[in-house]
Amino acid sequence: MIGGLFIYNHKGEVLISRVYRDDIGRNAVDAFRVNVIHARQQVRSPVTNIARTSFFHVKRSNIWLAAVTKQNVNAAMVFEFLYKMCDVMTAYFGKISEENIKNNFVLIYELLDEILDFGYPQNSETGALKTFITQQGIKGQLQTKEEQSQITSQVTGQIGWRREGIKYRRNELFLDVLESVNLLMSPQGQVLSAHVSGRVVMKSYLSGMPECKFGMNDKIVIDKQGKGGASDDAGKSGKQSIAIDDCTFHQCVRLSKFDSERSISFIPPDGEYELMRYRTTKDIILPFRVIPLVREVGRTKLEVKVVIKSNFKPSLLAQKIEVRIPTPLNTSGVQVICMKGKAKYKASENAIVWKIKRMAGMKESQISAEIELLPTNDKKKWARPPISMNFEVPFAPSGLKVRYLKVFESKLNYSDHDVIKWVRYIGRSGIYETRC
Amino acid sequence: MTDSKYFTTTKKGEIFELKAELNSDKKEKKKEAVKKVIASMTVGKDVSALFPDVVNCMQTDNLELKKLVYLYLMNYAKSQPDMAIMAVNTFVKDCEDPNPLIRALAVRTMGCIRVDKITEYLCEPLRKCLKDEDPYVRKTAAVCVAKLHDINAQLVEDQGFLDTLKDLISDSNPMVVANAVAALSEIAESHPNSNLMDLNPQTMNKLLTALNECTEWGQIFILDCLANYTPRDDRESQSICERVTPRLSHANSAVVLSAVKVLMKFMEMLPKDLDYYGTLLKKLAPPLVTLLSAEPELQYVALRNINLIVQRRPEILKHEMKVFYVKYNDPIYVKLEKLDIMIRLASQANIAQVLAELKEYATEVDVDFVRKAVRAIGRCAIKVEQSAERCVSTLLDLIQTKVNYVVQEAIVVIKDIFRKYPNKYESVIATLCENLDSLDEPEARAAMIWIVGEYAERIDNADELLESFLEGFHDESTQVQLQLLTAIVKLFLKKPTETQELVQQVLSLATQDSDNPDLRDRGYIYWRLLSTDPVAAKEVVLAEKPLISEETDLIEPTLLEELICHIGTLASVYHKPPSAFVEGNHGVQHKGLPGSAGSAESESPDAVSAGAATEAPAAVIPSQGDLLGDLLNLDLTPPATTGPLPHSGGMQMGAMDLLGGGLDSLMGAGFGAPPAAMPPAFSAPVSGSLYDLFDLDNGVGMPLGSFCPPKTVWLPAMKAKGLEISGTFVRHAGVIQMEMTITNKAMSVMTGFAIQFNRNSFGLAPAGPIQVPSPLSPNQNIEVSLPLNTVGPVMKMEPLNNLQVKKTLVVFLFRQVFLATWKDIPNENESQFQIKDCHLNSDAASNKLQSINIFTIAERTVDGQDMLYQSMKLTNGIWALAELKVQAGNPNYTVSLKCRAPEVSQCVFQSYEAVLKN
């Protein structure tokens, strides 16, 4: 299991060091600094073995987190734990920075003591932790016996992510369907790979221990219902349903029930959390198409023309559109003309950045640029990195629709109708690239 | 509240100040002081002098302060064991506290204080806490047992904590179950045979129930534990799989990977024709793909594991090529891993897309990545024959870019393509030659030289090209020198008239001016060959080379099986067994896949049983030992493989049959020849024709594992840097002895002999150290006899000759039993056959037979008749001995066969006939 956990600043100074196992010596701290943080070349592997000691490391802004072990640990678990550690710290004090860590080092030690015991990760749900972590939390003495046992049963219980006795005057929930569309397209417009990775994020402000059921236009579910119900209904809904390649759920969702009935039922944590993640590859609506044209005129000039076409309902508006056209390293000057938005050559990023605030569906726009090059005797050809795009659209490119989210709370007297529900769809660009 | 101020105090007299503050009456002040102490501790200052003062603050009901003091204690108790005793009372008292949080805190902290005296006091409180009414305390106590076991294992056993821990597996609280499982698994790892984790169907059921309810981490502990279970039959296996599959949808990647591990393992038990088997295969793909959208570090872990899964069960991801396409912004470690998997998944169906991608990658920035992409194009050509032409033209395009490292890498892979498809793409040689000057890396230079030598007759100025390399001969690396030597000899044999001078020049450079024994020996051998028998030289040097095989970097099957059992762990990330990087006995036990309905081993169960058969040698007759030259290649093996390697099943048998001249059962597979370097050599006996039985996928352990074994003669002295060993096994009064003649054929004195046996099926190991009177001067030879016993798995002796790198060498000639066995088999089992119309001389016949693993043991000439004594062994362990009479000028051969199972004689004869007439 994890033998120790160290946090360093970018210079390699130790901010936090907690050793859980005897086989990790004090010199392990220095070994990592010398071999990884101060190493000349970039990181070639997130797991580094130094003198039979393995270091798992992640970097958040300028801060290094390293978990150390000498055993054959579950590597995936160690990384998951490091991410979780980052989440917990962020939930407590915001951004992970040297200053924040120094300001909260006592808290971090207390957390580390609680969520990692002898190197075994323990309950690390922030909601639960906040009930008994003394730093910046409640003070130990004030608890009554009932409160204490409530805490321990929550921390160790089946529903470790939610505490009893939550009350809201107004029961409300917000669902955000957040998708990122990823595309890799050849210069000829052939889709090399495309997929949507989506998340359903829920903010729940519900009283008691509500039982929720979530439904969406999952093809498997719709088809199953279609078979049982009216036949014409199946034909109609068949078009609207989407094929989900795979999905993963927050630990509150009953996985065995999903596996057997494909229904998503759960008791939600309080506040914001990620209910599920999913991935689709079929019938994706690609909101934009990029058509590049690059022509080399002699050895010192490049002509670039890029057309973008929006491909969704004309009534919808895409926002924050940005097209990034890479330029060679030996660029000396650029002239740009664009029909819409603003375009600028950014020498430091070796790219022309073209920004458009808003664009409706079924429109097109273009940019042309002349790039002057310095003559070089470098034999190596320019690698031509792909043209990338960023945008935000108010629909789900996968076609996912939320059909219902039912809330049942038998003990308290509110029903599904009383809950105010909000649903929002946002599609963003993931890695949206067209080769040129 | 900002605590960062504690980091900045650096003034003198700080310790005294802190001391005063710690003894202050005010709680707030005390707390501030302890915080300061902990800050100093973190930045590495020694604050152990404050121990008594800090411990004094321990008796408080302020939980916050208590936690701080405990933190300090855990750090310094070990350096101040006597004072740590002061804290014991408080711990014991806290374990009785009404607040469960405090009870748990006390028991958790006590376990972290690794002081012997304290552990005694820990037992009673721990016993109480293990049975505490509060689950939070119980789950903490469970882990504490593991802590205590780490400090004092005996104590834990004596106090009966292990039984209490086992009881916790039936606890009502899922988290207690999970922690108990984690603790027990860890303890069980250090007692490999204790059967501590007594996995039976009842416990399995409990674990599977807890699996649905506990935290994500608990699910990982339980799944990792489940993976160690061996189901009784396929039905149980299926029902466990059914209960584990829902975990594949968990948001935590580690849960998913651990579930994949359980499924991959238990799948082995399922019959392949079962519907559920197909369903399961289909269910595995989507979660694996989803792992690739996790954070890059996890992607890396996932990719390393997918690499294993794809090797074991390529069908799972065969349609998912696209997800492994490299993204421009992927970190380099993700890119390199994706590339590896792309090649593994490449097939005729997707090769066009793959090639287009690879070509794209070859223009990227990162040098390592580009090189690997270029190399991948070559591997595609070798793997998918239909694509070879496309690959070659892609490589030529890349060579045109003139980017130095791209060109060099391309030339290296084109050499391999030539070896796979000889006489097909030689038209490109001209283009390659144009780039001769830009090659500055040894591997590329060596590859180019090989090409020039191999195709010398088609390159008009081959002699000039090679001569140009010769100028700086001594500055070249060994690899290039060796290649240059061979290439020039090849050239000479092809165009003897104009290159005589050149060959003399290179031979004298290699033999007279070089310090490198490899080079010298190769030089001498060529020299001797050329001067004594140029025709033979031609046969040797220009012999037809075997084709290289498709996959050169597959993980050796037994290791792969073990790694599959370690999916998700570090072992699967390093692609090494845990013993290679874990010290002590923590988790290094060998794990293996359960025997199964459809696995490769069971297709050749005979091979396994044959491995167990040990037939004692009884007499000795001479045989040709030079077949065994390969055994000498110890100095080329990676260090990791010289350790104890698990051996099992059929894999090694393939190699064994080859080596053994039929009499192989004594020598064992791994002897001297590193198992890991052997290409997979599953014998694949197909019922029916006996001919197939002989047709092993001969895998001799060639050092690079990159091509199928040649049957050419190896010269031991050359491969072993001048050390030549010949030897034999004999049995004197029941003791097996290895008799060796050790000859120093090098120029320098040899000292420091040692011998090492790889683990082998028979447990053969030296019974004592080898006695070699050192030093051994050049051209001296000595006879050594080494008694062996059959008890040790591995015996390792002291480092080998330091000067000459590793020069261990053991050659074995096997020469045994033929006569004795011949006499042993009753005469009625003898049968005679005639093979008519065969126009081979005895040598050619012997060679041909050898190609199907019938080995000539001895040969003699009686009255103008060549008598060949041969032996063979069928994969099911049946021996057959044969006497082949060949008379010059008479096309009819006589074969006399003797075998304990006379039924096979007819079949053996048929294969003889088939081979000799073919």
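The structure presented is a predicted model; accordingly, all values stated were derived computationally and were not measured.

Parameters at a glance
- Residues numbered from 1 in each chain as written.
- Chains lettered and ligands numbered in written order.
- Predicted model: local features only at pLDDT ≥ 70, side-chain atom pairs only at ≥ 80, totals over all residues.
- Heavy atoms only, no water.
- Helix = DSSP H or I, 4+ residues; strand = E, 2+ residues; numbered from the N terminus.
- Buried < 20%, exposed > 50% of the residue type's maximum accessible area, 1.4 Å probe, protein only.
- Contact = heavy atoms within 4.5 Å.
- Pairing = 2+ DSSP bridges.
- Axes fitted to C-alpha atoms, helices over the stretch in contact; angles between N-to-C directions.
- Patch = residues over 30% accessible without salt bridge, like charges linked within 9 Å, V, L, I, M, F, W, Y side chains within 5 Å.
- Areas by Shrake-Rupley, 256 points an atom, 1.4 Å probe, with all protein chains shown as cover.
- Salt bridge = Lys/Arg side-chain N within 4 Å of Asp/Glu carboxyl O.
- Lys, Arg positive; Asp, Glu negative; His and termini not counted.
- Charge placed at Lys NZ, Arg CZ, Asp CG, Glu CD.
- Buried area = accessible area lost by both parts, 1.4 Å probe.
- Polar contact = N/O pair within 3.5 Å; in protein donor to acceptor, adjacent residues only side chain to side chain.
- Phe/Tyr/Trp six-rings, centres within 6.5 Å; stacked < 30°, edge-to-face > 60°.
- Domains from an automatic or database assignment.
- pLDDT = per-residue confidence, 0-100.
- Parallel < 35°, antiparallel > 145°, perpendicular 65-115°, else oblique.
- Left-handed = near helix turned anticlockwise from the far one by under 90°.
- Nonpolar A, V, L, I, M, F, W, Y, C, P; charged D, E, K, R; others polar.

1. As for the overall build of chain B
Check the secondary structure of chain B and you find 39 helices and nine strands. For chain B, the residues scored as buried account for 60% of the 918 residues in total. Partitioning the contacts of chain B with sequence separation of at least 6, the portion at a separation of at least 24 is 69%.

2. Side note on the overall build of chain A
Broken down by element type, chain A carries nine helices and 23 strands. Relative to its 436 residues, chain A shows a buried fraction of 55%. Contacts spanning at least 24 positions in sequence make up 71% of the contacts within chain A whose residues lie at least 6 apart.

3. Details of the sheet that holds strand β19 (residues 351–360) of chain A
Taken together, nine strands build an open sheet; the order of strands is β11-β13-β9-β8-β23-β21-β16-β19-β18 (chain A) and the sheet is mixed. The open sheet has two free edges, formed respectively by β11 (246–249) and β18 (342–346) of chain A, since each of these has just one partner strand. Along the sheet, successive strands turn relative to each other by an average axial angle of 15°, direction set aside. Taken together, the 13 bridges between strand β8 (residues 172–185) of chain A and strand β23 (residues 420–434) of chain A define a ladder with parallel strand orientation. Across the sheet, D176 of chain A pairs through a bridge with R424 of chain A, a residue of β23 of chain A. On top of the sheet, helix α16 (residues 275–290) of chain B reaches β11 and β13 (271–280) of chain A; it is set at about 65° to β11 of chain A, its chief contact.

4. Describing a positive patch on the surface
Residue and element names in this part refer to chain A. Residues K342, K344, K355, K357 and R358 make up a contiguous surface patch of positive charge. Counting residues per element, the ones that place at least two in the positive patch are β18 and β19. With three residues, the top contributor of residues to the positive patch is β19. One can find K344 in strand β18. Classification of K344 by relative accessible area gives exposed; the value is 56%.

5. Considerations on the pattern of salt bridges
In the structure shown here, the tally under the stated rule is 65 salt bridges over all chains. Measuring nitrogen to oxygen at the nearest pair gives 2.7 Å for the salt bridge that ties D113 of chain A to R18 of chain A. Of this pair, D113 of chain A sits in helix α4 (residues 105–115) while R18 of chain A sits in strand β2 (residues 14–19), and the two are 95 residues apart along the sequence. Taking the relative accessible area as the measure of exposure, D113 of chain A reaches 8% and is therefore buried. Classification of R18 of chain A by relative accessible area gives buried; the value is 6%. The closest approach of N and O atoms between K128 of chain B and E96 of chain B, which form a salt bridge, is 2.7 Å. With K128 of chain B in helix α7 (residues 116–130) and E96 of chain B in the loop between α5 (81–94) and α6 (100–112), this pair connects stretches of sequence that are 32 residues apart. Under the relative-accessibility criterion, E96 of chain B is labelled partly exposed at 48%. One salt-bridge network, held together by shared partners, links E268, R312, R313, E315 and E561 of chain B.

6. Here's the deal with the interface of chain A and chain B
Tallying the contact residues gives 95 residues for chain A and 109 residues for chain B. Interface area for chain A against chain B, summed over the two sides, is near 8,700 Å², with a carbon-plus-sulfur share of 55%. For the interface between chain A and chain B, the tally reads twelve salt bridges. Ionic pairing is found between D22 of chain A and R114 of chain B, a salt bridge with its closest N-O pair at 3.0 Å. Connecting chain A to chain B are 42 residue pairs in polar contact (both at pLDDT 80 or more).

7. Side note on the packing of aromatic side chains
Residues and elements named next belong to chain A. One pass over the full model with this rule turns up 24 aromatic pairs over all chains. Considering the side-chain rings of Y8 and F32, the 5.2 Å spacing of their centres and the 35° angle between planes classify their relative orientation as tilted. Of the two residues, Y8 is situated in strand β1 (residues 4–8) and F32 in helix α1 (residues 27–37); the sequence distance between them amounts to 24 residues. Overall, Y8 belongs to the buried group, its relative accessible area being 0%.

8. A short note on the side chain of S398 of chain A
Residue and element names in this part refer to chain A. With respect to the element layout, S398 can be found in the loop between β21 (387–393) and β22 (402–408). In terms of polar contacts, S398 uses its side chain to reach the backbone amide nitrogen of L400, at 3.2 Å. Apart from the residues within four sequence positions on either side, S398 is in contact with E179, V196, I242, Y278, T280 and D283.

9. What to know about the domain arrangement of chain A
Residues and elements named next belong to chain A. Here chain A is partitioned into domain 1 (4–124), domain 2 (172–225 + 241–283 + 397–434) and domain 3 (288–393). Computed over C-alpha atoms, the centres of domain 2 and domain 3 are 34 Å apart. Facing the 14 residues of domain 2 at the interface are twelve residues of domain 3. In total, domain 2 and domain 3 occlude about 1,100 Å² of area from one another, counting both sides; carbon and sulfur atoms represent 51% of this.

10. Some details on the confidence of the model for chain A
Detailed reading of predicted coordinates is not advised where the pLDDT is low. Per-residue pLDDT for chain A has a mean of 88; in total, 94% of the residues score no lower than 70. Segment residues 229–238 of chain A is flagged for pLDDT under 50; beyond a separation of four residues in sequence, or across chains, it makes two contacts in the model.

11. With respect to the pairing of strand β5 (residues 831–835) of chain B
All names here are of chain B. Of the two faces of β5, the one holding S831, F833 and I835 is buried and the one holding Q832 and Q834 is not buried anywhere. Note: β5 against strand β9 (residues 893–899), five bridges, orientation antiparallel. Bridging from a neighbouring strand, I835 pairs with Y893 of β9.

12. Remarks on the side chain of N74 of chain A
Topologically, N74 of chain A is positioned in the loop between β5 (63–69) and α2 (75–93). Among the polar contacts made by the side chain of N74 of chain A, one reaches the main-chain amide nitrogen of A76 of chain A at a distance of 3.3 Å. Sequence-distant contacts of N74 of chain A, defined by excluding residues within four places in its chain, comprise I220, D224, A254, S258, G568 and T569 of chain B.

13. A word on the packing of helix α12 (residues 201–211) of chain B against helix α14 (residues 234–244) of chain B
All names here are of chain B. Running from N to C, α12 and α14 point in directions that differ by 15°, and their axes come no closer than 11 Å. Classed by the angle they form, the pair α12 and α14 counts as roughly parallel. For the pair α12 and α14, the crossing hand works out as left-handed. Two secondary-structure elements touch here, α12 through P201, M204, N205, L208 and T209 and α14 through E236, I240, R243 and V244. For the contact of α12 with α14, the residue count by class is five nonpolar, two polar and two charged.

14. With respect to the environment of P100 of chain B
Along the polypeptide, P100 of chain B turns up in helix α6. Taking the C-alpha atoms as reference, P100 of chain B lies 9.8 Å from C129 of chain B; in sequence the two are 29 residues apart. Not counting residues up to four positions away in its chain, the partners in contact with P100 of chain B are Q148 and T152 of chain A together with D134, Y136 and V137 of chain B.

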